[in-house]
Amino acid sequence: MDTAEETVPRRTDWQQERRVDRKRLKQNIPYFIMFVPVIVFFILFKYMPMGGLVIAFKDYNFADGVFGSPWHGIGQFKTLFSNPQTLQIIRNTFVLSVLSLLIGFPFPVMLAIMLNEARRAWFKRLVQTLVYLPHFLSWIIVSGMVVTIFSTQGVINDLFAGWLGEPFAFLYKDGSWLSIFIGSGIWKGMGWGAIIYLAALSSIDPSLYEAASMDGASKWRQIFHITLPGIAPTIVIVFILSVGNVMEVGFDQVYTLQNSAVFEISEVISTYAYKIGLQQLQFSLTAAMGLFESIIGLVLVVMTNTVARRFGQGLW
Amino acid sequence: MGKRFSWKIGLSMTLVFALLIAGCSGGNVNTGGKEKTKEENKEEAVKEERGNITVSIYDRGSVPPEEGTAENNRWTKWMSENGPANVKFVPVPRWESKEKFNVMFASSKAPDLIFEYDTAYRNELIAQKQLMPLNDLIEEHSVEYKALLEKYPILRKVATREDGNMYEFARLNGLMTNHLLFVRQDWLEKLSLSVPKTMEEFYEVAEAFVKQDPDNNGKTDTLAMGVTMVGGVIIDQMFQDVAYKVKDGAVVRTWENSIAKNNFLKKLYDNALIDKDFLTDKNGEKAKQDFINGKLGFYGVNGGEAYATFSALKANLPDAKVMAISLPASEFGQFGPIINNPVQGTAAINANAKDPVAVMKYVDFLVRESTMKTLQFGIENEHYKMGESGCPTPIDAEKNQKELGWMADYRMLVSGGLFGDCGSFKHQLDPNNPVDQEYMAIMDQADAAYLNPKAPFAEMTHGEHKPTIPKELQLINTNTREQITSMYQQSLIGGSKYTVEQAAADAQAYWEKSGGKQVEDWYTNWYVNHSADAIMTKDLYEIKID
């Protein structure tokens, strides 16, 4: 503990003086040793595979391998953007993930606050367990359930048979498919996402609530003025991280829920890369698309962080 | 403070990590060990001339647990023990085979001998120089396969590519049906309908199957036909809606056929004669369940699953009667469902195989008559004995089902056609079992209806003999395929708002915008130059094997 407290001021000294403090270096060797496996992990599994991105600028084939294949310049990108489908796929990826993020993001926060307000411990625990459960089901199972529920002979259509007149094909219409897509994502991820907020909530000083209730603040006031500001840093960090993932809509969910009637809105970069890249051997083309996806992701993260920093909540 | 103490912590933590990593990569460590033993084996092998090879095997998850796994069971052991090489089988998931092979080739871990049905994919591998040209290998090191090639030159023809090299091993299946169109004969009889001969009659029967309560339960809960998977392919054949057809010596897209087919489907859909949710039935399981539960009138089924599907239906509804019928004629003519490929390329050698000679010897072993017989019928006096017909007859059909029933993928080099009539599935059935008897009758109906060269299937040639188009054109094909399918399907479910004609116009515009003309030109060019010597649809019906 004391070393950690000491490090903060000393580090700045060290940076300013720009010279290696041998004694401190020696002192910290055990930590460096402990850090080595982490570095090795990142180099082996995160940085080295990035080298494979060169195939986006090559005409990759098995025989010549990643580094031996002939260079193709930006030819793959040209092919990609001369295909009318590409823009549609990028748009879909963007629309699906931005909507999932914007609509889905508040749900875990709300759930965490509601659970926090629940008074009976057994009730809280029961609800918590129930909403975690879907997280552990694979998308194959969840989408199987979703398709059965929303099909024209499904439960929903049975329930509203009298009201709708004739069965409504939820899964064939762009709008209703989109709602089902986002809704199922929320249903599956909500409980799991709430865990981190629950942890943040438990660190809020209870005396704040006591003081507020003594001053006559209602539950609403307390939520707005104590709970939310208390977990704001967590919310911002989680938000920045999820923005980084905006361009990668989860493959499983889209792939299992999509059908050809809603193809125009449901084909996204990951499903395209699977169908064209892995099944049709167009590795270079889809690597180019993946690279494009990552660059947009990076730009978005930097942008969000800049905005967050304005409000004093930046990640770096 | 314990400087030493933290040293210790640091070291021990690192050790723990190192151990963890070693644990995680346990597989690698083991293979390292195996390679060593392999090398040792090699030294012995020089004496015994026993090679070590890896061979792919499809994994369909159909091997019963008590029999083992796809890569380790009684037959893999039998092949290793009786064959000329130590074989390590590499399982490949049947329906993700391309992805799996692609990953293995990309990481140079692909097996030495590759079994894959998809010709287009094998051609991809040839283009990527991943398959070995076989001419010299067969010439110098083969005995049995070489003899087979000399006796049946067509094997050489299907295996030879434009560069004049042979790249694959093929088998002789003979003329056999594949897809079947089942109809519920008891429903036809109950409603006093005859087998439909034209599309108009087909529609009338379909309507009666839904509206006249053929299953007698007082509810309108029956459906006319399954239109997903094989059912869909069969309707495509009826209307010759098979993407490309030959018209006036040129290859063109089948736009008019698509319009006719989709209008027919739309009529079925709008009148609720087919499952309204068919678009979500991506693997055809829903239609299969409907048929097995006695709710479907017409059902298209894959030859490999036909017997199991039929027996499942009979187990549910012992009174159900089924027959296989000819496809009704449409305005485009009379067609048949897709038949089995009579001469089928199934195996190839990895260009990076370490010991091609050992692989060749193993292939020789696989095509030896005695091996083929064992793989086809089992072991004499254990699984079969010679019957009065002169054909191997099962001793205990149930035992065979358990021990041989899942073996199709181990027979990928077994030339069933060489067994003549004995190779027919009929001889594996029990003539004293009423269900089996009925199924034999269905097989006879199917043979009579579908092996008729006057009603061939609608494609230019069997999918496995189609030429592979260049990569950039292939991309046009794949990029447009789903979009076009989607347009038609939107017209199917779109009521009067979006007509099939409108969808066809949109699809055609999209096709042309995406450069589809180049694909048509490429096919036309191929057709003009190669159709004379390539194996076309009509040739398939004439292939004779004695």
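Analysis parameters
Residues numbered from 1 in each chain as written. Chains lettered and ligands numbered in written order. Predicted model: local features only at pLDDT ≥ 70, side-chain atom pairs only at ≥ 80, totals over all residues. Heavy atoms only, no water. Phe/Tyr/Trp six-rings, centres within 6.5 Å; stacked < 30°, edge-to-face > 60°. Buried < 20%, exposed > 50% of the residue type's maximum accessible area, 1.4 Å probe, protein only. pLDDT = per-residue confidence, 0-100. Contact = heavy atoms within 4.5 Å. Domains from an automatic or database assignment. Buried area = accessible area lost by both parts, 1.4 Å probe. Helix = DSSP H or I, 4+ residues; strand = E, 2+ residues; numbered from the N terminus. Polar contact = N/O pair within 3.5 Å; in protein donor to acceptor, adjacent residues only side chain to side chain. Salt bridge = Lys/Arg side-chain N within 4 Å of Asp/Glu carboxyl O. Pairing = 2+ DSSP bridges. Axes fitted to C-alpha atoms, helices over the stretch in contact; angles between N-to-C directions. Arc of directions from axis to C-beta.

Looking at the packing of aromatic side chains
Piece 1. Tallied over the full model, the rule gives 43 aromatic pairs over all chains.
Piece 2. Aromatic pair Phe168(A) and Phe170(A): ring centres 5.0 Å apart, planes at 70°, arrangement edge-to-face.
Piece 3. An angle of 70° between the planes, with centres 6.0 Å apart, marks the rings of Tyr269(B) and Phe278(B) as edge-to-face. As far as the burial class goes, Tyr269(B) and Phe278(B) line up, both buried.

Side note on the confidence of the model for chain A
Piece 1. In this model, chain A carries an average pLDDT of 86, and 93% of its residues clear a pLDDT of 70 or more.
Piece 2. Predicted confidence for residues 1-9 of chain A stays below pLDDT 50, and this span has one contact to residues more than four positions away or in other chains.

Things to note about the domain arrangement of chain B
Residue and element names in this part refer to chain B.
Piece 1. Here the domain parsing of chain B yields domain 1 (43-177 + 341-423) and domain 2 (180-338 + 455-540).
Piece 2. The gap between the C-alpha centroids of domain 1 and domain 2 is 32 Å.
Piece 3. Between domain 1 and domain 2, the contact holds 15 residues from the first and ten residues from the second.
Piece 4. Interface of domain 1 and domain 2: buried area, both sides summed, is about 1,100 Å²; carbon and sulfur atoms make up 50% of it.

Focus on the side chain of Asn479(B)
Piece 1. On the secondary structure map, Asn479(B) appears in helix H19 (residues 471-493).
Piece 2. Ignoring any residue separated from it by four or fewer positions in sequence, one finds Asn479(B) in contact with Asn83(A), Gln85(A), Tyr272(A), Ile276(A) and Tyr510(B).

Some remarks on the environment of Tyr439(B)
All names here are of chain B.
Piece 1. With respect to the element layout, tyrosine 439 can be found in helix H18 (residues 434-450).
Piece 2. Residue tyrosine 439 is classed as buried on the basis of its relative accessible area of 4%.
Piece 3. Separated by 132 residues in the primary sequence, tyrosine 439 and tyrosine 307 have C-alpha atoms spaced 7.2 Å apart.
Piece 4. In this structure the side chain of tyrosine 439 is engaged in a polar contact, spanning 3.5 Å, whose partner is the backbone nitrogen of tyrosine 307.

What about helix H16 (residues 369-377) of chain B?
Residues and elements named next belong to chain B.
Piece 1. Here H16 has its buried residues at Thr371, Met372, Thr374, Leu375, Gln376 and Phe377.
Piece 2. Residues of H16 that are buried in the fold lie against helix H3 (74-82), helix H15 (356-366), strand S14 (384-386), strand S15 (392-394) and helix H17 (397-404).
Piece 3. Directly after H16, the chain includes glycine 378, whose backbone phi takes a positive value near 100°.

Some words on the side chain of Ser531(B)
Residue and element names in this part refer to chain B.
Piece 1. Assignment of secondary structure puts serine 531 in the loop between helix H21 (516-530) and helix H22 (537-540).
Piece 2. On the basis of relative accessibility, which here comes to 18%, the residue serine 531 falls in the buried class.
Piece 3. Looking at serine 531, its side chain comes within polar contact range of the main-chain oxygen of tyrosine 527, at 2.8 Å.
Piece 4. Sequence-distant contacts of serine 531, defined by excluding residues within four places in its chain, comprise Trp526 and Met536.

Some thoughts on the interface of chain A and chain B
Piece 1. Every contact between the two is made by 40 residues of chain A and, on the other side, 42 residues of chain B.
Piece 2. Between chain A and chain B, roughly 3,800 Å² of surface is buried when both sides are summed, and carbon and sulfur atoms account for 57% of that area.
Piece 3. Contact with chain B buries surface across chain A, with Phe62(A), Tyr172(A) and Leu281(A) losing the most and accounting together for 18% of the total.
Piece 4. There are one salt bridge connecting chain A and chain B.
Piece 5. With its nearest N and O atoms 3.1 Å apart, the salt bridge here joins Glu482(B) to Lys275(A).
Piece 6. Our enumeration of links across chain A and chain B arrives at 14 residue pairs in polar contact (both at pLDDT 80 or more).
Piece 7. Only helix H2 (22-47), helix H5 (84-104), helix H14 (251-257), helix H15 (263-266), helix H16 (269-280) and helix H17 (283-310) of chain A provide two or more residues apiece to the side of chain A that touches chain B.
Piece 8. The greatest single-element share of the side of chain A that touches chain B, amounting to seven residues, is contributed by H16(A).

Quick word on the sheet that holds strand S8 (residues 223-225) of chain B
All names here are of chain B.
Piece 1. Pairing in this open sheet of four strands is mixed, and the strands run S8-S11-S7-S12 from one edge to the other. Among the strands making up the open sheet, the edge pair consists of S8 and strand S12 (322-324). Each strand of the sheet is rotated relative to its neighbour by a mean of 25°, with strand direction disregarded.
Piece 2. Bridge count between strand S7 (residues 180-184) and strand S11 (residues 296-301): four bridges; the pairing is antiparallel. If you follow leucine 181 over to S11, its bridge partner there is glycine 300.
Piece 3. Packing of helix H11 (residues 230-238) onto the sheet brings it into contact with S7, S8 and S11, and relative to S11 it is tilted by some 85°.

A look at unusual backbone geometry
Residue and element names in this part refer to chain B.
Piece 1. Although it is not a glycine, aspartate 213 sits at a positive phi angle of roughly 50°.
Piece 2. Looking at the element boundaries, aspartate 213 is found in the loop between helix H10 (199-211) and S8.
Piece 3. The class of aspartate 213 is buried, set by a relative accessible area of 14%.
Piece 4. Even without being glycine, asparagine 216 reaches a positive phi, approximately 60°.
Piece 5. Assignment of secondary structure puts asparagine 216 in the loop between H10 and S8.

Quick word on H17(B)
Three or four residues apart is the spacing at which side chains of an α-helix point the same way, because the helix has 3.6 residues per turn.
All names here are of chain B.
Piece 1. Taken together, the buried positions of H17 are Asn400, Glu403 and Leu404. The buried side chains of H17 occupy one side of the element, clustering within an arc of 80° when seen end-on. Facing away from the buried side of H17, by more than 90 degrees, are the exposed residues Glu398 and Gln401.
Piece 2. Contacts from the buried residues of H17 go to H3, H16 and S15.
Piece 3. Between the side-chain oxygen at the start of H17 and the backbone nitrogen of glutamate 398 there is a gap of 3.1 Å, and the oxygen is on aspartate 396.

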